[in-house]
Amino acid sequence: MSAEKRSFQAEVSRLLDIVAHSLYSEKEIFLRELISNASDACDRLRYAALTQPELAGDDTNYRVVLSSDKKARQLTVADNGIGMNHDELVENLGTIARSGTAAFMQNLSGDQRKDMALIGQFGVGFYSAFMVAEKVEVLSRKAGETAAWRWVSEGKGEFTVEPAEKEGRGTEITLHLRPEEDEFLERFRLQQIVRKYSDHIALPIAFRESGKEETLNTARALWTRPRSEITAEQYKEFYHHVAHSFDEPWLTLHNRAEGKIEYTNLLFIPGAKPFDLFDPQRKHRVKLYVRRVFITDDCPELLPAYLRFLRGIVDSEDLPLNVSREMLQNNPILARMRGQLTKRVLGELAKKAGESAEEYAKFWENFGAVLKEGLYEDHEQQEALLPLMRFRSTASDGLVSFEDYLGRMKAGQDAIYYITGDSLEAVKKSPQLEGFRARGVEVLLLSDPIDEFWVLAVGKVKDKALKSVTRGGADLSKIAPAEGEAAAAEGDDKKAPANIASLIAIFKLALGEAVKDIRTSDRLTDSAVCLVADEGDRDMHLERLLKAHRQIDTTAKRILEINPRHALVKRLAALIGQDGASDQLGDFAWLLLDQARILEGEALPDPSAFARRMSVLLEKGLPAAA
Ligand code: ADP
Ligand code: MG
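This structure is a prediction, so every number in the text was calculated from the model and none was measured. (Residues numbered from 1 in each chain as written. Chains lettered and ligands numbered in written order. Predicted model: local features only at pLDDT ≥ 70, side-chain atom pairs only at ≥ 80, totals over all residues. Heavy atoms only, no water.)

### Regarding the overall build of the chain
Definition in use: For helices the rule is a DSSP run of H or I covering at least 4 residues; for strands it is a run of E covering at least 2, with both sets numbered from the N terminus onward. We compute the radius of gyration from the C-alpha atoms alone; for a globule the expected value is 2.2 Å times N to the 0.38, where N is the number of residues. For every residue, the accessible area obtained with a 1.4 Å probe (protein chains only) is divided by the maximum for its type, and the residue is called buried under 20%, exposed over 50%, and partly exposed between those limits. We call two residues in contact whenever any of their non-hydrogen atoms come within 4.5 Å of each other. When charges are tallied, Lys and Arg are placed among the positive residues and Asp and Glu among the negative ones, while His and the ends of the chain are skipped. Here the site of a charge means atom NZ of a Lys, CZ of an Arg, CG of an Asp or CD of a Glu.
The helix and strand inventory of the chain stands at 22 helices and 22 strands. Rg of the C-alpha trace for the chain: 33 Å, well past the compact-globule value of 25 Å for 626 residues, more than 25% over. Based on the C-alpha atoms only, the size of the chain along its principal axes is roughly 110 × 70 × 40 Å. The buried share of the chain, reckoned over its 626 residues, is 51%. Within the chain, counting contacts between residues at least 6 apart in sequence, those at least 24 apart form 72% of the total. Of note, the chain has its 85 positive side-chain charges centred 2 Å away from the centre of its 99 negative side-chain charges.

Structure representation (structure tokens):
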């Protein structure tokens, strides 16, 4: 039977192309990746054998064995883990199933240096073998099956799979090294790499030479060792292994809990944002172990979704080894661990925030938007979460906490004001902020989609209501204007025209059902008009968000607010009573409404009417043609 030929998935081909042609300085990491996979394969079989001991048989001495053939220039990495059958070889070594791959591929720039940095963060796993090998052979036999398969590829778009012979289960990967990569045949060089990157692996990693095996690593699960014996470098390498990402951890949390329940946690907060942070499944990736045996990396009950940026392991002493999926679902031990771990993580974040605002800001920029989800999902932790929140605001360029905000509220101010929008740049320019700025009243600038939801769930912070500046009335009159403003506000040119009520009445008649109400505003200083939502209605940005996601199909009517001190408004008021003024004022009312809609980022219901009115007006303003 001849070998079956297949093509790599397009993404893999592109990745292989970059990997093979890169001048990546740390080629040695290919070994870390192969050992990491071998260790995962052993973990998975060890777990499967808890319920199906026949899968492992009497070979329970899980290990990874390296060996080299200098003449043939071949390096082999063998394990007695779970192995792969035909379909798994094709699927696992021909495609990239990792979440975030699409986003990753999009980020590739074609600039080799930049792309390598990105790959360093993403990790290329198995495919990194092609950095040093011109041909890779994978011989594998799945535990519990008798057939073995050989996968072969030169990393150039295609691979072959054919039936083969293999004694015992597991996977044996043979690298046909490129001529310039001979160093990876030497025992001392391999040992150096194992010590550097793979010492934390709990399995023995041995080198076999002339029939003898020598263990190269410490072979004890890293988290079982005392903290004082673990170097920062070792923690980092473990993080790389367990998180499949290659940045520096921002925080390392290694603890042993010894109370009613016992467990060890070795958790990390990444230093860079993972690609799949906003994957709709919102899964965390912390691995659950029971007494050193890997159980699962898919256990939603272990941690809340709003802590899904965590990576690492939790090793329980109390759960039964043969714990099933169903048992994990309503398990009181797990629920307890979840509570304690959540508390510990939040406590540690509070500590970090207190120690250095600058360091904390790095965490916040990466994961703040995720942590905010906890405000509406986890009522119990709301009090602990609120002090961890940070915001942009009108008061400074840096990040602001609720404590900062509350500490500088104005006399007479009884609410925490915020504005929501699609981006920081957009919300900063909102006309609704003008009056607040003029009075020196700080407004929180919220631009994460999640913001719309937690503000509603939280409602109040330290008895101060959270209030959107684009909804309801703004009783800024109770708040003293900022210094310098007071005098100016009294000046003649800042007074509202006496007949403003008539102007509003004319506008109301013209606009009819298009608006809910028209009223004068405290909110504006430089702009003539703005839109706001009525007190009981949804926030305007929230409505746009819901509409975009087809959650609602009609929006509530807005209130048009007019700045009575604006020169344009005054001149319009002055027109009242003149011949033909009402028709003209009607057109102005529509133009002002459309202008407010544009500022708000809303679509115009009738763009052609807007264009027509605008043209008429422009024409009037110009000298007649000769
Ligand atoms: P990752 O380890 O991040 O999943 P890799 O590219 O390193 O990505 O490996 C791809 C997949 O190939 C693994 O998820 C695993 O299913 C399979 N695999 C790789 N090496 C082995 C091995 N030695 N034994 C069993 N399966 C393996
Ligand atoms: Mg891997």
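### Regarding empty space enclosed by the protein
Empty space among the atoms becomes apparent when a probe as large as a water molecule is rolled across them. Keep this limit in mind: Only protein atoms enter the 1 Å grid used here. Points where a 1.4 Å probe fits but cannot escape make up a cavity, open sets with protein on both sides within 12 Å along at least five of seven lines make up a pocket, and a residue lines them when an atom lies within 4 Å of a point. Grid points are joined across faces, edges and corners, and a volume is the space filled by probe spheres set on the points. Amino acids outside the nonpolar list (Ala, Val, Leu, Ile, Met, Phe, Trp, Tyr, Cys, Pro) and the charged list (Asp, Glu, Lys, Arg) are all regarded as polar, and Gly is one of them. Note that the domain bounds reflect an automated or database-derived domain assignment.
For the structure shown, the criterion picks out one cavity of 30 Å³ or more. Taken as a whole, the largest cavity holds about 60 Å³ of empty space. Lining the largest cavity, in full, are Arg-32, Glu-33, Ser-36, Tyr-197, Ser-198, His-200, Ile-201, His-240, His-241, His-244 and Phe-246. Secondary-structure elements contributing two or more residues to the lining of the largest cavity are α2 (29-51) and α7 (232-243). Tallied by class, the residues present in the lining of the largest cavity amount to three nonpolar, six polar and two charged. When we break the lining of the largest cavity down by domain, the ones giving at least three residues each are domain 1 (4-220) and domain 2 (224-360).

### Here we look at the sheet that holds strand β7 (residues 170-177)
Backbone-to-backbone hydrogen bonds join strands into a sheet, with any given pair of strands oriented parallel or antiparallel. Heads up, the rule is: Only strands that DSSP links by at least two bridges are regarded as paired with each other. Axis lines are fitted through C-alpha atoms, for helices just across the contact stretch, and the angle between N-to-C directions can take any value from 0 to 180 degrees.
Read across the sheet, nine strands follow the order β1-β6-β5-β4-β7-β3-β2-β8-β9 without closing on themselves; strand pairing throughout is mixed. Two strands bound the open sheet, and with one partner strand each, they are β1 (4-7) and β9 (212-215). On average, each strand axis in the sheet is tilted by 20° relative to the strand beside it, whichever way the strands run. Note: strand β2 (residues 64-69) against strand β8 (residues 205-209), three bridges, orientation parallel. The residue bridging Leu-66 from the neighbouring strand is Phe-207, located in β8. On the sheet, helix α6 (residues 187-197) packs against β2, β3 (74-79), β8 and β9 and is oriented at approximately 175° with respect to β8.

### A word on the pattern of salt bridges
Going by this rule: Definition used for salt bridges: Asp or Glu carboxyl oxygen within 4 Å of a side-chain nitrogen of Lys or Arg.
One pass over the structure, following the stated rule, counts 46 salt bridges. In this structure, Lys-27 engages Glu-181 in a salt bridge whose closest nitrogen and oxygen atoms are separated by 3.0 Å. Taken as a pair, Lys-27 in the loop between α1 (10-21) and α2 and Glu-181 in the loop between β7 and α6 lie far apart in primary sequence, 154 residues in all. A residue is classified by how much of its surface remains accessible, and Glu-181, at 3% relative accessible area, is buried.

### A closer look at the packing of aromatic side chains
We apply this condition: Stacked, tilted and edge-to-face pairs are distinguished by plane angle, under 30 degrees for stacked and over 60 for edge-to-face with tilted covering the rest, among Phe, Tyr and Trp rings (Trp via its six-membered ring) whose centres lie within 6.5 Å. Note on geometry: a ring has a charge over it if NZ (lysine) or CZ (arginine) is within 6 Å of the ring centre and within 35 degrees of the ring normal.
Per the counting criterion, the structure on display carries 22 aromatic pairs. Ring geometry for Phe-126 versus Trp-151: centroids 5.4 Å apart, planes at 80°, classification edge-to-face. In this pair, Phe-126 sits in the loop between α5 (112-122) and β4 (133-141) while Trp-151 sits in strand β5 (residues 148-153), placing the two residues 25 residues apart along the sequence. Using a relative accessible area of 6% as the deciding quantity, one classes Phe-126 as buried. Here a set of aromatic residues connected by ring pairs shows up, and it is made of Trp-223, Phe-238, Tyr-239, Phe-268, Tyr-289 and Phe-294. When the ring centre of Trp-250 is taken as reference, the NZ or CZ atom of Lys-352 above it lies at 4.8 Å.

### Some remarks on the domain arrangement of the chain
As far as domains go, the chain holds domain 1 (4-220), domain 2 (224-360) and domain 3 (390-618). Here the C-alpha centre of domain 3 lies 45 Å away from the C-alpha centre of domain 2.

### Concerning unusual backbone geometry
Backbone geometry places Arg-73, a non-glycine residue, at a positive phi of 55°. Along the chain, the position of Arg-73 falls in the loop between β2 and β3. Classification of Arg-73 as partly exposed rests on a relative accessible area of 23%. One non-glycine residue, Arg-282, lies in positive phi territory at about 50°. Along the chain, the position of Arg-282 falls in the loop between β11 (262-270) and β12 (287-290).

### Structural notes on the sheet that holds strand β21 (residues 529-532)
Strand order in the open sheet formed by three strands is β20-β22-β21, with mixed pairing between adjacent strands. The open sheet has two free edges, formed respectively by β20 (517-520) and β21, since each of these has just one partner strand. If you compare each strand with its neighbour and ignore which way they point, the axes differ by 25° on average. Note that β20 and strand β22 (residues 559-562) share four bridges and pair parallel. Within β22, the residue paired with Asp-517 across the bridge is Ile-559.

### Here's the deal with the site of ligand 1
Quick reminder of the rule: Residue proximity to a molecule or strand is established when one non-hydrogen atom of the residue lies within 4 Å of it. What qualifies as a polar contact is a pair of N or O atoms within 3.5 Å, subject to a donor-acceptor requirement within protein and to the restriction that residues adjacent in sequence count only when both atoms come from side chains. Methods summary: accessible areas were calculated by the Shrake-Rupley approach with a probe of 1.4 Å, and residue burial reflects only the protein chains presented.
Neighbouring residues of ligand 1: 13 residues in total, closest Asn-37, Asp-79, Asn-92, Phe-126 and His-244. A distance of 2.7 Å separates an oxygen atom of ligand 1 from a polar atom in the side chain of Asn-37. In this structure, an oxygen atom belonging to ligand 1 sits 2.9 Å away from a main-chain N or O atom of Phe-126. Relative to its free-state accessible area of 530 Å², ligand 1 is covered by the protein chains to the extent of 82%.

### A closer look at the packing of helix α18 (residues 500-511) against helix α20 (residues 567-575)
What counts here: Orientation is classified from the angle alone, with under 35 degrees giving roughly parallel, over 145 giving roughly antiparallel, 65 to 115 giving roughly perpendicular, and any other angle giving oblique.
Where α18 meets α20, the axes come as close as 9 Å, and the angle between the chain directions of the two elements is 85°. Taken together, α18 and α20 sit at an angle that is classed as roughly perpendicular. Of the residues in α20, those in contact with Ile-500, Leu-503 and Phe-507 of α18 are Val-569, Leu-572 and Ala-573. Here the contact of α18 with α20 is built from residues that sort into six nonpolar, no polar and no charged.

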